[in-house]
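So the chains spell out like this:
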Amino acid sequence: MTPIYWLIVFVVLIAIEIATLALTTIWFAGGAFIGFLLSLLGFSTGIQLVGFVLISFLLLFLTRPFAKHCITHTEKTNVDSLVGHEARVTAEIDNRKETGTAMVNGQEWTARAESDEVIYPVGTIVEIRKIQGVKLIVSAKKEG
């Protein structure tokens, strides 16, 4: 009768994984399958449980980072895609005065310098280093 219980656990865990696609129960389904095999081979319930726990956690810790990397794909949003592009300063960027705007792709953004010591006058072409909230963080455009 024990193999049937392991099979039920296996099927339920697979169903949950299919329903959620969250990479949370698949590892334990692998452990349940090992428990099922151990029960078919006549091992005691204690050995089956140890096999279930051991295989589940081995699968979780050894394959989850790889699986998560392969399955989840993050795409840059429009804002993230601006990093590395050029912008033209439309109002002097001075972090100490908390002033500055820059134009990118026809849109004006609040802009701040990457370094507080640097001031960029109007008309300067700068490079976008990162986006922080609704502000562009910029630095001098690298030549090359």
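A quick note: this is a predicted structure, and the numbers were derived from the prediction, not measured.

Novice: How should I be thinking about helix H2 (residues 26-40) in this particular structure?
Specialist: Spacing of three or four residues puts side chains on the same side of an α-helix, whose turn is 3.6 residues. For H2, built from 15 residues, the straight-helix expectation of 21 Å at 1.5 Å per residue is met to within 8% by its first-to-last C-alpha distance of 21 Å. Regarding H2, the residues found buried are Trp27, Ala29, Gly31, Ala32, Gly35, Phe36, Leu38 and Ser39. In the stretch just after H2, Gly42 is the one whose phi turns positive, near 90°.

Novice: Would you explain unusual backbone geometry in this entry?
Specialist: Trans is the common state for peptide bonds, and a negative phi is the common state for residues other than glycine. We note that Glu98 has phi near 55°; this positive angle belongs to a residue other than glycine. Topologically, Glu98 is positioned in the loop between strand E1 (86-94) and strand E2 (99-104). Its identity as a non-glycine residue notwithstanding, Asn105 has a phi of 50°, on the positive side. Within the secondary structure, Asn105 is located in the loop between E2 and strand E3 (107-113).

Novice: How should I be thinking about the side chain of Thr101 in this particular structure?
Specialist: Examined against the element boundaries, Thr101 turns out to sit in strand E2. Here Thr90 takes part through its side chain, which lies 2.6 Å from a polar atom of the side chain of Thr101. Setting aside its immediate chain neighbours within four residues, Thr101 contacts Arg88, Val89, Thr90, Ala91, Ile93, Glu108, Trp109, Thr110 and Ala111.

Novice: In this structure, what is going on with the environment of Pro121? I would like to understand it.
Specialist: The residue Pro121 is located in the loop between strand E4 (119-120) and strand E5 (125-132) in this model. A residue is classified by how much of its surface remains accessible, and Pro121, at 44% relative accessible area, is partly exposed. Along the primary structure Pro121 and Leu38 are separated by 83 residues, whereas in three dimensions their C-alpha atoms are 73 Å apart. For Pro121, the residues in contact, after removing those within four places along its chain, are Val89 and Glu92.

Novice: When you look at the packing of aromatic side chains in this model, what are you seeing that I'm missing?
Specialist: Given two aromatic rings, one states the distance between the centres and the angle between the planes to describe the pair. Evaluated as defined, the whole model comprises five aromatic pairs. Seen from their ring centres, Phe10 and Phe33 are 5.6 Å apart, and the 50° between their planes marks the pair as tilted. Of this pair, Phe10 sits in helix H1 (residues 2-20) while Phe33 sits in helix H2, and the two are 23 residues apart along the sequence. Classification of Phe10 by relative accessible area gives partly exposed; the value is 25%. Looking at Phe33, the relative accessible area reads 35%, which means it is partly exposed. Ring geometry for Phe57 and Phe61: centres 6.1 Å apart, planes at 20°, overall stacked. Separated by four residues within a single helix, Phe57 and Phe61 lie in helix H3 (residues 45-71), roughly one turn from each other.

What counts, and at which threshold
Residues numbered from 1 in each chain as written. Predicted model: local features only at pLDDT ≥ 70, side-chain atom pairs only at ≥ 80, totals over all residues. Heavy atoms only, no water. Helix = DSSP H or I, 4+ residues; strand = E, 2+ residues; numbered from the N terminus. Expected span 1.5 Å × (residues − 1). Buried < 20%, exposed > 50% of the residue type's maximum accessible area, 1.4 Å probe, protein only. Polar contact = N/O pair within 3.5 Å; in protein donor to acceptor, adjacent residues only side chain to side chain. Contact = heavy atoms within 4.5 Å. Phe/Tyr/Trp six-rings, centres within 6.5 Å; stacked < 30°, edge-to-face > 60°.

Keep in mind these numbers describe shape, not what the thing actually does.
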